[in-house]
Every structure is written in C-alpha cells, then in structure tokens.
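A closer look at the structure
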Amino acid sequence: MAIETILLAVGPDERERIDRLVEAAIDVAGPTGARVILGHVFTDEEFERAVGNLDRDVEVGEISADDVAGRFVNVRDAADQLEAAGVDYEIRGAIGEHGRAIVELADGVAADRILVGGRQRSPAGKAVFGSTAQEVLLNAPCPVTLVRSDTR
C-alpha cells in the first residue's frame, strides 16, 4: 500500500509533542514523497473564540476554518518544520467534535495514514473524559500512528 497522504492532527495542546509529531510525519513522508495535511479541529465554541481573538474585525461566517487553523502557533511551527524538510503540506481546519472531525477529515482527504498525539491516561480517565486519540484509533478509515508525549 502506497502512502500518498498523511493527516497530521495538530491540537491546541500539542506544544510538548509537536516536534515528535512532525518528526514522525517527516520520517514517513520524506521517503514516500507523501503530502502531509496539517489538520486542526475546532468545536463550535473554540472556533467562535478563535475568530473573536483575531486582530481584525471578522465575523465567524466570513473566515474559513482553514484560515483560522493556519494562525495557530502549533500549526505554524509544524508547517515551518515540514517546509524546512522539503515535505509538501497543506493546512486544513475542521469544525466539530475532535475525534469524529479528525476521522471525517481523514476520509475527506483520502488519508493513507493518520498521526495523532496522545498522552498516557488511566483507564478510568478515558472512561470519564473520553479520548480523541481513542476515537480516532477505533474509527479511522486508515492506519493510525499514536505519538505519545511520554516514553514510559
């Protein structure tokens, strides 16, 4: 199976593992020539808040999720690293529940692989709070690579 498109899910809390996520994307995309989609998902409330934080007078319906996603520091950092490595990339934003929207985005871009960050949590913590990574792992249309923030 050829890998042509990789979805790298970049969340707002990826600061501590963005370098590891991008490194994993480069490790796969470099040799295969795959395109990396930097995907950032907003809930409705997160999107409204992000648009409200823009420096200019913009309403929610006047700007795309792609444009807003490209303004996040984690997404920009990832884009800079991919560009420096000579990896083709594109920034995509989506609005919805995080796990479900990542799966839908992967389906929409015909991703051959998803890279998603995760942190170690107790089974009880997952049951109570849910897990974006778990939702993606269970419902993705392609293989998923989980990049953990810790190495225990």
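Residues numbered from 1 in each chain as written. Predicted model: local features only at pLDDT ≥ 70, side-chain atom pairs only at ≥ 80, totals over all residues. Heavy atoms only, no water.

So, about the overall build of the protein chain. Of regular secondary structure, the protein chain possesses seven helices and five strands. For the protein chain, the succession of helices and strands along the chain, N to C, is β-α-β-α-α-α-β-α-β-α-α-β. Counting the 152 residues in the protein chain, one finds 43% classified as buried. Summarising the internal contacts of the protein chain: among those between residues at least 6 apart in sequence, 77% fall at separations of at least 24. (Helix = DSSP H or I, 4+ residues; strand = E, 2+ residues; numbered from the N terminus. Buried < 20%, exposed > 50% of the residue type's maximum accessible area, 1.4 Å probe, protein only. Contact = heavy atoms within 4.5 Å.)

A cluster of acidic side chains, namely Asp 44, Glu 45, Glu 48, Glu 97 and Glu 135, defines a negative patch on the protein surface. Take Glu 45: it is sitting in helix α2 (residues 44-52). For Glu 45, a relative accessible area of 54% corresponds to the exposed category. (Patch = residues over 30% accessible without salt bridge, like charges linked within 9 Å, V, L, I, M, F, W, Y side chains within 5 Å. Areas by Shrake-Rupley, 256 points an atom, 1.4 Å probe, with all protein chains shown as cover. Salt bridge = Lys/Arg side-chain N within 4 Å of Asp/Glu carboxyl O. Lys, Arg positive; Asp, Glu negative; His and termini not counted. Charge placed at Lys NZ, Arg CZ, Asp CG, Glu CD.)

Below, the discussion takes up the packing of aromatic side chains. This structure, assessed with the given rule, holds two aromatic pairs. Ring centres of Phe 42 and Phe 47 lie 5.4 Å apart, and the angle between their planes is 70 degrees; this geometry places the pair in the edge-to-face category. The burial state of Phe 42 is the same as that of Phe 47; both residues are buried. Aromatic ring contacts, followed pair by pair, group Phe 42, Phe 47 and Phe 72 into a single cluster. (Phe/Tyr/Trp six-rings, centres within 6.5 Å; stacked < 30°, edge-to-face > 60°.)

Take the pairing of strand β1 (residues 5-9) next. In terms of residue burial, β1 counts as a mostly covered element, since five of its five residues are buried. Here five bridges tie β1 to strand β2 (residues 35-42), and the two strands are oriented parallel to one another. Across the sheet, residue Leu 7 finds its bridge partner in β2, namely Ile 37. Sheet topology note: the β1/strand β4 (residues 113-118) ladder contains three bridges and is parallel. What sits directly across from Leu 8, in β4, is Leu 115. (Pairing = 2+ DSSP bridges.)

Okay, helix α5 (residues 98-108) next. Buried residues of α5: Gly 99, Ala 101, Ile 102, Val 103, Leu 105 and Ala 106, and no others. Those residues of α5 hidden inside the fold are in contact with β1, β2, β3 (89-95), β4 and α7 (132-139). At the C-terminal side of α5, Ala 110 shows a positive phi close to 55 degrees.

Tracing the sequence through the fold places Ile 3 in the segment before β1. For Ile 3 and Asp 112, which are 109 residues apart along the polypeptide, the C-alpha to C-alpha distance reads 5.5 Å. Setting aside residues no more than four positions away along its own chain, Ile 3 makes contact with Val 28, Thr 32, Ala 34, Asp 112 and Arg 113.

This part is about the sheet that holds β2. Spatially, the five strands line up as an open sheet ordered β3-β2-β1-β4-β5, and their pairing is parallel. Of all the strands in the sheet, the pair left with one neighbour each is β3 and β5 (144-148). For this sheet the average axis-to-axis angle between neighbouring strands, irrespective of direction, equals 25 degrees. Where β4 and β5 come together, five bridges link them in parallel fashion. In the strand pairing of β5, Ile 114 is matched with Val 144. Contacting β2 and β3, α2 runs over the sheet at an angle of about 95 degrees to β2. (Axes fitted to C-alpha atoms, helices over the stretch in contact; angles between N-to-C directions.)

This part covers the packing of helix α1 (residues 18-32) against helix α4 (residues 73-84). Relative orientation of the contacting elements α1 and α4 amounts to 40 degrees, with a least axis distance of 10 Å. Crossing geometry of α1 relative to α4 is assigned as right-handed. Here Ile 18, Asp 19, Val 22 and Ile 26 of α1 come into contact with α4, specifically with Asn 74, Ala 78, Gln 81 and Leu 82. When its residues are assigned to classes, the contact of α1 with α4 shows five nonpolar, two polar and one charged. (Left-handed = near helix turned anticlockwise from the far one by under 90°. Nonpolar A, V, L, I, M, F, W, Y, C, P; charged D, E, K, R; others polar.)

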